[in-house]
Amino acid sequence: MLQHLATVLWNKKAGPGYYRIGLRCPGNFSAAVPGQFVMLRLVRRLDPVLRRPFSIHNLVMHGGQANGIELLYQVVGKATTLLSQLKTGDRVDILGPLGRGFQLPSGAKKVYLAAGGVGVAPLVFMVSYFRRRPVDLSQWHIFLGAKSREDLLSLDVFSTLNIPLHITTDDGSAGEHCLVTHPLETTVEQSPPDLICACGPPAMLGCVADIAERHGIACQVSIEAVMACGMGACLGCAVARRGEPQTYLHVCMDGPVFDSRQLKW
Amino acid sequence: MSKKPDLQTTIGGLALQNPVMTASGTFGYGKEFESLVDLNRLGAVIVKGLSLEPARGNPPPRIVETACGMINAIGLENVGIEAFIAQKLVFLQKLNIPVIANIYGRLEEEYVQLARRLDPLEAVAGIELNISCPNVKAGGMAFGVDPAAAFNVTQAVREQTSKPLIVKLSPNVTDISEIAVAVAEAGADCISLINTISAMVIDIETRRPRLANITGGLSGPAIKPIALRMVWQAAQAVQIPVIGIGGILTAEDALEFLIAGATAVQVGTANFIHPRSTIDIIDGLEAFLEAHNIATVSDIIGTLEI
Ligand SMILES: Cc1cc2nc3c(=O)[nH]c(=O)nc-3n(C[C@H](O)[C@H](O)[C@H](O)COP(=O)(O)OP(=O)(O)OC[C@H]3O[C@@H](n4cnc5c(N)ncnc54)[C@H](O)[C@@H]3O)c2cc1C
Ligand SMILES: Cc1cc2nc3c(=O)[nH]c(=O)nc-3n(C[C@H](O)[C@H](O)[C@H](O)COP(=O)(O)O)c2cc1C
Ligand code: FES
């Protein structure tokens, strides 16, 4: 893990309140794995004072080398509003790559990815990462859920993949009119996968974990917590561990990707 | 050509190559920062608060950001003294800088046992007594807000150890001088202040506190003016060295504390914002002294003009 002064390559709208920011980093992100994150700081600002965590959405490739990263973010408050105002050439301070990412066990052929809203961010990196490696994605499925048609992100990336794509929206403006966990469960019943990987709002992840558990399927989820340091120093990012009352895991070190059975839902 | 200024300072018999230390609970056990900070350049490392038994800490959420600050209610989660000695100290003792163990207990007897356990360890250069944590139910701050209790726990620990003993004070008191005098009389070699300020945030939509613990401790740039005032008051009240803590982000911040009378400083929340803060502060202190033709850092300590 290293601290980098990164340069904004682009910062483009990806939907209503969503942006993709490309960052050129002097350090090397080639070793980063899907599910890992960075802690981002807006330079020379004391308010917001803390860094903000963002999943790596993709690597920025240049001549076969990863010379930067891309983040996909939703504007929800102070830091993300300021972030959305950055222009090409501006600088941000990033710390990373941090945390434990998704782990594909050898022999896991059939993998279902489930994303809710901006939770699609790390799953795009997951797909592009394994596409660059000798991994057969032909039995993978992708489940994308969002509030509405405009909130469906990264459809372009997934639609070129030749992987079955299941789309749902809360208002029925695109895909099925239901929660993303609905087609997930139906497909799991018809054809149980070796692994489910999910990222999205807590309620969705709880539901995915429940589906996985009921069908006896391994499940990895990327979760969020308020973080101050992102590197195991503040102990602020605690989440309840399953089975042992009042014991905690730390999202920045033990996660953000966890085996869903480690967590108390 | 002028010589490089001398940054060395001494806190209660402990010589430091420079006055910049890491504050307890904001630098893990040192190793977390290994790839980001040249640890051997620090004045000293103060580790996360240790208790006799491992402690699990408070339920989440444990942190909330505020204007130019943060409130934490970690609840002193730590590996416990034995795991610290067996696992964490091995790395720390390879460094060429003093390692200071920060301890807390719920009862006076726990502080005593912790000090007794640490006293024979060569790898521990000093002990910092946390009598000021706002986030644990019993003990902690209870000792830090009552001069008699602060005196007693300091004296009891003093009897257990000949190591430099720092007592860390709480800002959550009406008269900081009174507590400072009490722990100095009880045999503390130095005092450090401030710990975090008791604080809270409410979510107006849910009408619930933003921290599971309801209240927590405020730290960061927001508390610096309060910390500075208290350090100045404490430095006037006691003869022993005072270590300034609270919202220090830059060399300029550290200089304010030194001028107010602090012999050294600790950097806390800044480690989260900019992990290399301590190093930048050390370089900045040196540059300031050089630019002002001041030969040693001790020449600036307590030089407030009134
Ligand atoms: C490991 C990890 C990876 C993440 N990856 C991404 C990502 O790829 N893209 C993305 O858009 N976001 C991601 N997040 C969430 C992101 O960190 C927050 O949205 C961001 O910190 C908000 O900052 P802000 O200053 O804009 O909002 P603030 O002003 O801090 O908060 C405004 C409101 O936003 C909500 N909020 C703030 N922080 C969080 C949080 N951590 N989780 C959920 N809600 C929050 C709260 O309701 C709050 O009241 C990730 C979080 C974690 C822990
Ligand atoms: C997340 C966090 C954890 C802390 N843990 C401890 C601790 O274990 N023991 C202690 O004496 N002080 C602890 N503190 C207090 C700091 O050491 C310091 O006194 C305080 O944060 C003020 O300094 P700052 O504004 O530079 O952070 C903690 C502070 C923070 C923010
Ligand atoms: S965010 Fe600081 S320990 Fe996880």
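Residues numbered from 1 in each chain as written. Chains lettered and ligands numbered in written order. Predicted model: local features only at pLDDT ≥ 70, side-chain atom pairs only at ≥ 80, totals over all residues. Heavy atoms only, no water.

Side note on the overall build of chain B
Basically, it comes down to this: Elements are defined by DSSP. Helices are runs of H or I of four residues or more, strands are runs of E of two residues or more, and each kind is numbered from the N terminus. Within these notes, the globule rule equals 2.2 Å times the number of residues to the 0.38 power, and the radius of gyration is based on C-alpha atoms. Remark: exposure states derive from per-residue accessible area (1.4 Å probe, protein chains only) relative to the maximum for the residue type, with buried under 20%, exposed over 50%, and partly exposed in between. The contact definition used throughout considers only heavy atoms, calling two residues in contact when any of these lie within 4.5 Å. To be clear on the numbers: accessible area is Shrake-Rupley with a 1.4 Å probe, and residue cover counts the displayed protein chains and nothing else. In summary, the charge assignment counts Lys and Arg as positive and Asp and Glu as negative, without counting His or the chain termini. In this description, the location of a charge corresponds to atom NZ of lysine, CZ of arginine, CG of aspartate or CD of glutamate.
A count of helical and extended segments in chain B gives nine helices and 16 strands. In terms of overall size, chain B behaves like a compact globule, its C-alpha atoms giving a radius of gyration of 18 Å where 306 residues would be expected to give roughly 19 Å. Along the three orthogonal principal directions, the C-alpha set of chain B runs to about 60 × 50 × 40 Å. Split into buried and exposed, the 306 residues of chain B put 60% on the buried side. Long-range pairs, those at least 24 residues apart, make up 72% of the contacts in chain B between residues at least 6 apart in sequence. Of the roughly 11,900 Å² that chain B leaves accessible, carbon and sulfur atoms contribute 51%. Taking the 22 positively charged and 31 negatively charged side chains of chain B as two groups, their mean positions are separated by 8 Å.

Comments concerning unusual backbone geometry
Residue Gly-96 of chain A is joined to Pro-97 of chain A through a cis peptide bond whose omega torsion reads -5°. In this structure, Pro-97 of chain A sits in strand β7 (residues 91–98). The linkage connecting Leu-193 of chain B with the following residue, Ile-194 of chain B, adopts the cis geometry, with an omega of 15°. Summarising the element assignment, Ile-194 of chain B is placed in the loop between β10 (190–193) and β11 (197–199). Non-glycine residue Asn-162 of chain A carries a positive phi angle of around 65°. Mapping Asn-162 of chain A onto the fold places it in the loop between α3 (155–159) and β10 (165–169).

Comments concerning the nonpolar core
All names here are of chain B. Quick reminder of the rule: What makes a nonpolar core is a set of buried Ala, Val, Leu, Ile, Met, Phe, Trp, Tyr and Cys residues whose side-chain atoms join them at distances within 4.5 Å.
In this structure, Leu-92, Tyr-111, Ile-131, Leu-169, Ile-191 and Leu-193 are the most contacted members of the largest nonpolar core, which totals 130 residues. Ranked by the residues each element gives to this core, the list is headed by helix α1 (residues 81–92), at six residues. Residues contacting Leu-193, with those up to four places away along its chain left out, are Leu-169, Ile-176, Met-230, Val-231, Ala-234, Val-242, Ile-243, Gly-244 and Ile-245.

Things to note about the environment of Leu-263 of chain A
Following the sequence through the fold, Leu-263 of chain A ends up in the segment after β16 (257–259). Once residues lying within four places of it in the same chain are set aside, the contact partners of Leu-263 of chain A are Val-221, Ile-223, Val-239, Ala-240, Arg-242, Leu-249 and Phe-258 of chain A.

Observations regarding the site of ligand 2
Stated formally: Only heavy atoms are used to decide nearness, and a residue is near a molecule or strand if one of them lies within 4 Å of it. Think of a polar contact as two N or O atoms within 3.5 Å of one another; within protein, one of them needs to be a possible hydrogen donor and the other a possible acceptor, and neighboring residues in sequence only count if both atoms come from side chains.
Around ligand 2, 24 residues are found, and the nearest of them are Ser-24, Lys-168, Gly-220, Gly-247 and Thr-269 of chain B. In this structure, ligand 2 sits where chains A and B come together, each supplying nearby residues. Gly-49 of chain B has a polar backbone atom sitting 3.2 Å from an oxygen atom of ligand 2. Between Gly-268 of chain B and ligand 2, the recorded distance is 3.1 Å, taken from a backbone N or O atom to an oxygen atom.

Description of the domain arrangement of chain A
All names here are of chain A. So the rule is basically this: What marks off one domain from the next here is an automatic or database domain assignment. Accessible surface is computed with a 1.4 Å probe, and the buried area is the amount of it that two parts give up when combined, taken over both parts together. In the sections that follow, a salt bridge refers to a side-chain nitrogen of Lys or Arg positioned within 4 Å of a carboxyl oxygen of Asp or Glu.
Under the domain assignment, chain A is made up of domain 1 (2–98), domain 2 (111–222) and domain 3 (227–265). Between domain 2 and domain 3, the C-alpha centre-to-centre distance is 23 Å. Here domain 2 packs against domain 3, burying approximately 720 Å² in sum over the two surfaces, 56% of which is carbon and sulfur. Its largest share of buried area at the contact with domain 3, domain 2 owes to Glu-213, Cys-219 and Val-221, together 49% of the area lost on that side. Scanning the region where domain 2 abuts domain 3 turns up one salt bridge.

Some remarks on the side chain of Ser-24 of chain B
All names here are of chain B. With respect to the helices, strands and loops of the structure, Ser-24 is situated in the loop between β3 (20–22) and β4 (44–46). Owing to a relative accessible area of 16%, Ser-24 belongs among the buried residues under this scheme. From its side chain, Ser-24 meets the backbone nitrogen of Gly-49 in a polar contact 3.2 Å long. At 3.5 Å, the side chain of Ser-24 and the side chain of Asn-102 are in polar contact. If we skip the residues at most four places from it in the chain, Ser-24 touches Ile-46, Val-47, Lys-48, Gly-49, Asn-102, Glu-128, Lys-168 and Gln-266.

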